[in-house]
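A structural walkthrough
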Amino acid sequence: MTLDTMLPIGLLPQKNAGRIKRLAQITSRLMVRRHFLLPLLLCGLCPYWTVLPIQAVQAAPRWEAFSGSPFGVGQVTVNIDHEQSEVAVDDQHFTVAGDKGRVLYPVLRETPVRRFLRRLLEVKTPIANTVTIYFLFQGNQPLELRTYAPTEQVVRITPRQNQRGHQRLLDRWWSEYSGRWNRLQGDAEYPMVVENFLTATLARRLNKVLPESPARILPWRKKQQETVWDELFASERYLLRTDREILQGLKQTDEPPAPPELKRPVTGNQTATGNQSASGKLSLTGHALPNPIAWSPPSYPDTGTPGTPLAEMPLDEIPVETIATHVPEECFYLRFGTFRNYLWFRDLNKKWQGNLQNMIMRRGIVAAAAQRVQQQLALRETVLAKILGPQIIADVALVGLDPYLDQGAAIGILFEAHNSFLLEQDLVSKRREALHKFPEATETNLTVAGHEVSLIATPNGQVRSFYAQDGDYHLVTTSRSLVARFYRAAGNSRSLAMADGFRHARRQLPLERNDAVFAYVSSEFLQQFCSPALRIQQRRRVRKEREVKLMELSRYAANAEGVSGQDLSALIDAGLLPPGFGNHNDNGGTRAGTEDGRRPWIDSSKPLFDRAPIQRVTTGEIAAFRTFSAKLRQEVGQLPPLAVGIRRVSNTESGGRKGEYETMVADLLLPYMTGFKFGSWIDNLGEASTQQLAPVTGDVASMEVILNIPVPLIGGEKQPHHLFGGLRDYRSPLAIERGELVPAAGLPELIRGYLGAWPRPGVLEIFGARTTDSATGMQKVGDQLWQMQQDPFVLLSFKPEVIEQVLSQLALEETRRAAQIRVRIDSLADKKLAPTINALGYMRSRETSLAASRLMNTLANQLRVPGPDCRALAEKLVDGKFVCPLGGEYQLVEGPGQRLSWGSTGITEANRFLLDAIPTEFQLPLLEWFQGLHGDLRVVDQELTVHLEIDLSASAVPK
């Protein structure tokens, strides 16, 4: 008996009977195949059957509302206008508002299982043409709701007094409200700063618990977990978690207490040994700093890669650039070699809006941090500087003590001069221009490390530019501490040029390469990041800076709720900020100051290394550092240095077609890996080999990996073998259905490719691949796969014709670079796959564009920010400028029901609510410039190297 014969189809409404029967038939087939989606389908059936008969006959809006404290709660179910039935139900146009601003924090009901079933059943309208919106409200008087679904409908509601009903409906509202916040965490494009603030605040006010999403949201989609790198580099994920901790009232002193031996404070003239801050001194009036992390001393091999000119040369004799003698070893280092290379790199960043990810797919936010640093340094470039720069500047390097550009980094530009007099005159003239441009700026002469240094600065930190000179070396930086280290590096062995790690990197990536960009991140740079003093200082700075944004959001929430007063005490009394907000026990236990009584005052422009040394450490800070260090040991282990060299190869050198493209050659080196937890996959790699597969005609992309891995699931021992695969050029059967690109055919048609192995099947045995003593021709493997053997190769594919096309071309060839992983990607623009790649790119670009307008509309819907003010506030919250990846402008436009909302002119009318068609004029940036790639990865003797050669068209790089 099948499931479709068991269902009482005759009892269902006629319009849904066919759909349910089709679902039953599909489910029956899945039961036979034991498909992994069966539990998901069965879980979704019962609520779907109960909803359909009720809602199919419902015409008038339905509502339920209960008054209560601090908020009443209600829900309303309204019909969707038939003409708007294709509008996506999670669009920001579905909302509700009330008279006199009494309605707050609306949320649309959304059930992922039902959404999945609607797609499976080809239901084009959201749940029988109705939507349900939950909301909170103030007062107990009758409400006149204006619902937008998306056209406006008016519903009159009289709340009831019922405590149990209020609690029941409040729980439903919270389930949907917190569930939306949880789902947004998986949206990489959407800045969820508003939802994060409101959900954490409402959880505290209503005594609710924030949900934790499962490790896997769907069977094929893994939740992104926060790692130690998020905290180390202050990622958006870490900042949002910090916001939640602050809003939930978790102060630094509220964290787990320190062990008993640390509870005795340091008093009087006592000092804590080995606990210096970034400035070198630390006077403690509270707990001692926790012990620093114990790092293993690095060691480097006596010889380099065999066959290279510097292979046998001792480290202390390896040639290095002279500019590195003035760079402290604890700095990151980005060296350009010539002024022309510096201009090329700067113009490349400018061309792609300061983010090279835009070369693949345009992003939606241009960060303001880089522009702030440039303004702080007071280094405006002129046309004359472009012409004369190469004549007076021999070398250029970007150096810094930390990467926190958005929080005030200790960063600078170091010049090596051909003509110091002319360079000094040019830099001084630029600094004079800054004095005229910023009336509040003043110039001060300081003595740092025994040298006279000029400082031009404004009180608010818009300009903060130190100028230091040592012979032919000129440093312009935002940090006094970096100036002091610059002078010290020139006079002792603590310079980058004398470090063994740097010299080993230069042995592998020698000067003779003439790299356009050479980047080096030392172990010392990473390790100082992880010192107790710097981690605690950075944590304090992040918390104080996040408080500024949270206080601003709380003021808008106060306006929305009608709270009188905008000062800190009024916001705390209203519950919009937790008690103790803004209190800090550091720096003598003083409260964070206020600027006109309206916002906590912090100096975000001063680098971390220039701030006052730590005076007191709380038990919570000690516990937080120990948690960080334990996580670092667990996830990372040791911190190796990293070196990257990028050189430009002209058309004539690479044998390319003149004037059409150039090749960018990039080499990455992790020269010291002992104790570094790179991942278990490293242990499964076999020995590097100089043998590789020859290119296969008709492949768009191919990859091969040398493995020495046990075959899972079948009890096999480790098998050394080469695994390879390729993607053929074909027209992918994708279609647009209900606003998304979906497969229009089964898996055999969707993926036109192959997998192979030699000299034994290895991991292909999982799919049923086997080798025989003699070739047996084409064989069926399972339900959908085919296999064919031709010594030493065995090949699998969904398509027999793919095997026939590929197997005859398989051949081995020698290459000069030994590697375990190799990859090739051909030019994509002229391929049959290009329309599919372009369509996927448009879908993602459209989502990115919508993410910006969704944030602006969320400010209006959730915090009732006036529409015209939403963009400016949204850009302030993300610390950047929204740029539509489709080339449009964000504008307030009139939507269904004459309601104004934000949207981009780059999205066509047909695609405004749902993706309907790929515009013919859209071109993914990747397809315009990408001409091909091949590369390899090698792990030998605890050293990892990656080599990439990327062909770029002239449109990708500046001239």
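Residues numbered from 1 in each chain as written. Predicted model: local features only at pLDDT ≥ 70, side-chain atom pairs only at ≥ 80, totals over all residues. Heavy atoms only, no water.

Here we look at the overall build of the chain
If you tally the helices and strands in the chain, you get 24 helices and 36 strands. For the chain, the residues scored as buried account for 53% of the 959 residues in total. Considering only contacts in the chain between residues 6 or more positions apart, those separated by 24 or more positions represent 71%. Just so you have it, the chain exposes about 44300 Å², and 52% of that area is on carbon and sulfur atoms. (Helix = DSSP H or I, 4+ residues; strand = E, 2+ residues; numbered from the N terminus. Buried < 20%, exposed > 50% of the residue type's maximum accessible area, 1.4 Å probe, protein only. Contact = heavy atoms within 4.5 Å. Areas by Shrake-Rupley, 256 points an atom, 1.4 Å probe, with all protein chains shown as cover.)

Digging into the sheet that holds strand β3 (residues 95-98)
Ordered in space as β3-β6-β7, the 3 strands form an open sheet in which the pairing is antiparallel. Either end of the sheet is taken by a strand with one partner, and the two such strands are β3 and β7 (152-157). Taken pair by pair, the neighbouring strands of this sheet meet at an average axis angle of 25°, ignoring direction. Sheet topology places strand β6 (residues 143-148) next to β7; 6 bridges connect them, and they run antiparallel. Looking across to β7, one finds that Leu145 is bridged to Val155. (Pairing = 2+ DSSP bridges. Axes fitted to C-alpha atoms, helices over the stretch in contact; angles between N-to-C directions.)

Focus on the packing of aromatic side chains
Overall, the coordinates contain 24 aromatic pairs when judged by the stated rule. Plain terms: the ring middles of Trp173 and Trp174 are 6.0 Å apart, the flat faces sit at 45° to each other, and that makes the pair tilted. Taking the relative accessible area as the measure of exposure, Trp174 reaches 7% and is therefore buried. Aromatic pair Phe486 and Tyr487: ring centres 5.0 Å apart, planes at 55°, arrangement tilted. For Phe486, a relative accessible area of 1% corresponds to the buried category. (Phe/Tyr/Trp six-rings, centres within 6.5 Å; stacked < 30°, edge-to-face > 60°.)

Points about empty space enclosed by the protein
Summed over the entire model, instances satisfying the criterion amount to 10 cavities of 30 Å³ or more. Here the second largest cavity defines a volume of roughly 90 Å³. Leu693, Ser702, Met703, Glu704 and Arg824 are the residues nearest the centre of the second largest cavity, which is lined by 14 residues in total. Of all the secondary-structure elements, those providing two or more residues to the lining of the second largest cavity are β22 (699-710), β23 (718-728) and β31 (821-826). A per-element tally of the lining of the second largest cavity places β22 first, with 4 residues. Looking at the lining of the second largest cavity residue by residue, the classes come out as 8 nonpolar, 2 polar and 4 charged. (1 Å grid on protein atoms, 1.4 Å probe; cavity = no way out; pocket = protein on both sides within 12 Å on 5 of 7 lines; lining within 4 Å. Points joined across faces, edges and corners; volume = space filled by probe spheres on them. Nonpolar A, V, L, I, M, F, W, Y, C, P; charged D, E, K, R; others polar.)

A few points about the pairing of strand β4 (residues 103-108)
Here β4 lies mainly inside the structure; 6 of its 6 residues are buried. Note: β4 against strand β5 (residues 130-137), 4 bridges, orientation antiparallel. Bridge pairing in β5 places Leu108 opposite Ile133.

Section: the pattern of salt bridges
Any two side chains of opposite charge can pair if their charged atoms end up close together. Tallied over the full model, the rule gives 31 salt bridges. Across the pair Glu330 and Arg485 runs a salt bridge, and its minimum N-O distance is 2.8 Å. Here Arg485 lies in helix α13 (residues 480-491) and Glu330 lies in the loop between α8 (236-247) and β10 (332-335), a separation of 155 residues in the sequence. What makes Glu330 buried here is its relative accessible area of 11%. (Salt bridge = Lys/Arg side-chain N within 4 Å of Asp/Glu carboxyl O.)

A few points about the confidence of the model for the chain
When the pLDDT values of the chain are averaged, the result is 79; 77% of them are 70 or greater. When the criterion is pLDDT under 50, residues 1-58 qualifies, and its contacts beyond four places in sequence or with other chains add up to 62 contacts. Note that residues 112-128 has pLDDT below 50 and, in this model, 46 contacts with residues that lie over four places away or in other chains. (pLDDT = per-residue confidence, 0-100.)

Concerning unusual backbone geometry
For the peptide bond that leads from Ser69 to Pro70, omega is 0°, which places it in the cis range. Assignment of secondary structure puts Pro70 in the loop between β1 (62-66) and β2 (72-79). Here the residue pair Asp791 and Pro792 is connected by a cis peptide bond, since its omega of 0° sits within 30 degrees of zero. Positionally, Pro792 belongs in the loop between β28 (785-790) and β29 (793-797). The phi dihedral of Ala378 falls on the positive side, at around 60°, and the residue is not glycine.

A look at the packing of helix α5 (residues 163-184) against helix α6 (residues 193-205)
Two numbers describe how α5 lies on α6: the axes approach to 10 Å, and their chain directions differ by 145°. Note on packing geometry: the crossing formed by α5 with α6 is left-handed. In contact with Trp173, Trp174, Tyr177, Ser178, Arg180, Trp181 and Leu184 of α5, α6 contributes Glu195, Asn196, Leu198, Thr199, Leu202 and Ala203. (Left-handed = near helix turned anticlockwise from the far one by under 90°.)

Concerning the packing of helix α22 (residues 834-863) against helix α23 (residues 870-878)
Between α22 and α23, the shortest axis-to-axis distance is 9 Å and the interhelical angle comes to 110°. If you check the angle between α22 and α23, you find them roughly perpendicular. Like other packed secondary-structure pairs, α22 and α23 cross with a definite hand, here right-handed. Here α22 contributes Leu855, Met856, Leu859 and Ala860 to the contact with α23, which in turn contributes Cys870, Arg871, Leu873, Ala874, Leu877 and Val878. Broken down by class, the residue content of the contact of α22 with α23 amounts to 9 nonpolar, no polar and 1 charged. (Parallel < 35°, antiparallel > 145°, perpendicular 65-115°, else oblique.)

Thoughts on the nonpolar core
Grouped together as the largest cluster of nonpolar side chains are 144 residues, with contacts concentrated most on Tyr105, Trp173, Val194 and Leu859. Among the elements that take part in this core, α22 stands out by supplying 9 residues, more than any other. Apart from residues no more than four positions distant in its own chain, Trp173 is found in contact with Val73, Tyr105, Val107, Tyr134, Phe135, Leu136, Leu202 and Leu206. (Core = buried A, V, L, I, M, F, W, Y, C linked by side-chain atoms within 4.5 Å.)

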